[in-house]
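Spelled out, the chains give:
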Amino acid sequence: MRVLMTGHDGYVGAVMVPILTRAGHEVVGLDNQYFDGCDFGDYKPGIKVIKSDIRDLRREHLNGFDAVVHLAAVSNDPLGNLNPESTYDINHRASMKLAELAKVAGVKRYLYSSSCSVYGAASPEDVLNESASFSPVTPYAKSKVMVERDLTALGDGGHPRAERAGLDLLDDVGLVGDPDEDVTVEALQLLEAELRVE
């Protein structure tokens, strides 16, 4: 499967690219590369890369892809709080533009990485699952809720597979140790398996 992965150089993407390529997928990365060279270790994805801001994408960027794995985002609360409008522009509006372009280009699968931040602050005794009510606190979390809402509407509008991957891996992903013992790698492998489901 030919996969466009936005944010492939980010925290989650740097771990997910090797999983998808080992599984036989052709991955093309898309990243603005603002943090190029700020990696730990000698991360070299070894894939074709489109250097672009997701806000600048056009339909032709999506031609020929079977799937989009959308990871790119302003991904932390302090930065989101510093400039909420930019957070909404990148995380919400550009995410929806990407989904709409993918739909028009005939991309069959669109996996969106959401966040547990959409549920807000819960007490340590509360166990939440994906049926819990949204209660976003920050612009980052609010932008994620907005995308989930709008993707659902886009999916109902005829997109064959508009899906959300509600994993929040940011607290778990880092330098990967033993892949057989890493829960995050298992979660990413589940996402890879989801790409294969027709």
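In this report, the structure presented in the accompanying data block is examined. (Residues numbered from 1 in each chain as written. Predicted model: local features only at pLDDT ≥ 70, side-chain atom pairs only at ≥ 80, totals over all residues. Heavy atoms only, no water.)

Observations regarding the overall build of the chain
Phase 1: Looking only at helices and strands, one finds five helices and six strands in the chain.
Phase 2: Listing the helices and strands of the chain from first to last along the sequence gives β-α-β-β-β-α-α-β-α-β-α.
Phase 3: Evaluated residue by residue, the chain yields a buried proportion of 44% over its 198 residues.
Phase 4: Taking as baseline every contact in the chain between residues at least 6 positions apart, the subset at least 24 positions apart corresponds to 70%.
Phase 5: In the structure as shown, the chain presents an accessible area of about 10400 Å², 52% of it carried by carbon and sulfur atoms. (Helix = DSSP H or I, 4+ residues; strand = E, 2+ residues; numbered from the N terminus. Buried < 20%, exposed > 50% of the residue type's maximum accessible area, 1.4 Å probe, protein only. Contact = heavy atoms within 4.5 Å. Areas by Shrake-Rupley, 256 points an atom, 1.4 Å probe, with all protein chains shown as cover.)

Side note on the environment of Asp31
Phase 1: Mapped onto the elements, Asp31 comes out in strand 2 (residues 26-31).
Phase 2: Note on Asp31: relative accessible area 12%, which makes it buried.
Phase 3: Along the primary structure Asp31 and His8 are separated by 23 residues, whereas in three dimensions their C-alpha atoms are 6.4 Å apart.
Phase 4: What Asp31 contacts, discounting residues up to four positions off in sequence, is Gly7, His8, Asp9, Gly10, Ile50, Lys51 and Ser52.
Phase 5: Within polar-contact distance, the side chain of Asp31 engages the backbone nitrogen of Asp9 at 3.5 Å. (Polar contact = N/O pair within 3.5 Å; in protein donor to acceptor, adjacent residues only side chain to side chain.)

Some details on the pairing of strand 4 (residues 67-70)
Phase 1: Burial of strand 4 is two-sided: the residues Ala67 and Val69 facing one way and the residues Val68 and His70 facing the other way are all buried.
Phase 2: By the bridge criterion, four bridges tie strand 1 (residues 2-6) to strand 4 in an arrangement that is parallel. Following the sheet pairing, Leu4 is matched in strand 4 by Val68.
Phase 3: In the sheet, strand 4 pairs with strand 5 (residues 109-113) via four bridges, with the strands oriented parallel. Counted as the bridge partner of His70 is Tyr112 from strand 5. (Pairing = 2+ DSSP bridges.)

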